[in-house]
Amino acid sequence: MSKKDMDQNKPESQQEEVPEEPVQETEETPEETLQATIREQEDKYLRLLAEYDNYRKRSQKEKENAWTSAKADTAKEFLPVYDNLERALKQETADEAYAKGVQMIMTQLKNVLEKLGIEEIPAQGETFDPNVHNAVMHIDDEELGENVVAEVFQAGFRIGDKVIRHAMVKVAN
């Protein structure tokens, strides 16, 4: 019989008390607690700094997009004027001063659009691209290659990568 079994058979008053082993708690020193608090605060600070940086970048991008959209919307309103000036330049006229005046106005409008960062989408003779061209007609022409723009009915414009208006074109083959 083991000692433990013997102790259990004795009355409580005669049983030996075996001290329980104390559970060792790892108490941190004040310095360790302070270091943990500092690390926690540094982490919070770095996260806040990263959030602010992301907010700043997002705000800047939204501001630029708003400015680009405003320029595109404004330019879109002027495009019918551009189209009319282009048609006027194609018309034959005997009055040279009139033709020169219309040409000067067209040059001035092109300069304004260029200053705003708005460029005409190249179309004539280019390969058809549905991202920037709108095909409204199709012809068979042996002289032109496959999917080549044969004629431009209406010029297209873009600002950066954003298309303001697709070029209206006739595509060959």
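Residues numbered from 1 in each chain as written. Predicted model: local features only at pLDDT ≥ 70, side-chain atom pairs only at ≥ 80, totals over all residues. Heavy atoms only, no water.

Student: Help me out: how do you make sense of helix H3 (residues 96-115) in this one?
Tutor: When the terminal C-alpha atoms of H3 are compared, their 29 Å separation across 20 residues agrees well with the 28 Å that a helix rising 1.5 Å per residue should span. Buried residues along H3 sit in contact with helix H2 (30-90), strand E1 (118-121) and strand E4 (156-159). (Helix = DSSP H or I, 4+ residues; strand = E, 2+ residues; numbered from the N terminus. Expected span 1.5 Å × (residues − 1). Contact = heavy atoms within 4.5 Å.)

Student: Would you mind showing me how to read the sheet that holds E1 here?
Tutor: Pairing between the strands of a sheet comes from backbone hydrogen bonds, and it takes one of two forms, parallel or antiparallel. Spatially, 3 strands are ordered E1-E4-E5 in an open sheet, and the strand pairing comes out antiparallel. With one partner strand each, in any of the chains shown, E1 and strand E5 (162-165) form the two edges of the open sheet. If you compare each strand with its neighbour and ignore which way they point, the axes differ by 35° on average. Sheet topology note: the E1/E4 ladder contains 4 bridges and is antiparallel. Looking across to E4, one finds that glutamate 120 is bridged to phenylalanine 157. Strand contacts of H2: E1, E4 and E5, with the helix running at about 30° to E5, the strand carrying the most contacts. (Pairing = 2+ DSSP bridges. Axes fitted to C-alpha atoms, helices over the stretch in contact; angles between N-to-C directions.)

Student: Sorry if this is basic, but what is going on with the packing of H2 against H3 here?
Tutor: H3 packs onto H2 with a crossing angle of 150° between their chain directions and a minimal axis gap of 10 Å. One element, H2, and the other, H3, form an angle in the roughly antiparallel class. Considering the relative orientation of H2 and H3, their crossing is left-handed. Contact residues: Ala75, Val81, Tyr82, Leu85, Glu86, Ala88 and Leu89 in H2; Ala99, Val102, Gln103, Ile105, Met106, Leu109, Lys110 and Leu113 in H3. Split by residue class, the contact of H2 with H3 holds 12 nonpolar, 1 polar and 2 charged. (Parallel < 35°, antiparallel > 145°, perpendicular 65-115°, else oblique. Left-handed = near helix turned anticlockwise from the far one by under 90°. Nonpolar A, V, L, I, M, F, W, Y, C, P; charged D, E, K, R; others polar.)

Student: What should I look at first to understand the packing of aromatic side chains in this one?
Tutor: The description of an aromatic ring pair rests on the distance of the ring centres and on the angle between the ring planes. Applying the stated criterion across every chain, the model contains 1 aromatic pair. Judged by centre distance (4.9 Å) and plane angle (85°), the rings of tyrosine 82 and phenylalanine 157 are edge-to-face. Of this pair, tyrosine 82 sits in helix H2 while phenylalanine 157 sits in strand E4, placing them 75 residues apart in sequence. The exposure class assigned to phenylalanine 157 is buried, which follows from its relative accessible area of 3%. (Phe/Tyr/Trp six-rings, centres within 6.5 Å; stacked < 30°, edge-to-face > 60°. Buried < 20%, exposed > 50% of the residue type's maximum accessible area, 1.4 Å probe, protein only.)

Student: Would you mind going over the environment of leucine 79 with me for this structure?
Tutor: Its place among the elements puts leucine 79 in helix H2. Assessed through its relative accessible area of 2%, leucine 79 is described here as buried. Along the sequence, leucine 79 and arginine 165 sit 86 residues apart, while their C-alpha atoms lie 8.8 Å from each other.

Student: Would you take a moment to explain a nonpolar patch on the surface for this structure?
Tutor: Together, Tyr45, Leu46 and Leu49 line one region of the surface with nonpolar side chains, adding up to about 330 Å² of accessible area. With respect to the element layout, leucine 49 can be found in helix H2. (Patch = residues over 30% accessible without salt bridge, like charges linked within 9 Å, V, L, I, M, F, W, Y side chains within 5 Å. Areas by Shrake-Rupley, 256 points an atom, 1.4 Å probe, with all protein chains shown as cover. Salt bridge = Lys/Arg side-chain N within 4 Å of Asp/Glu carboxyl O.)

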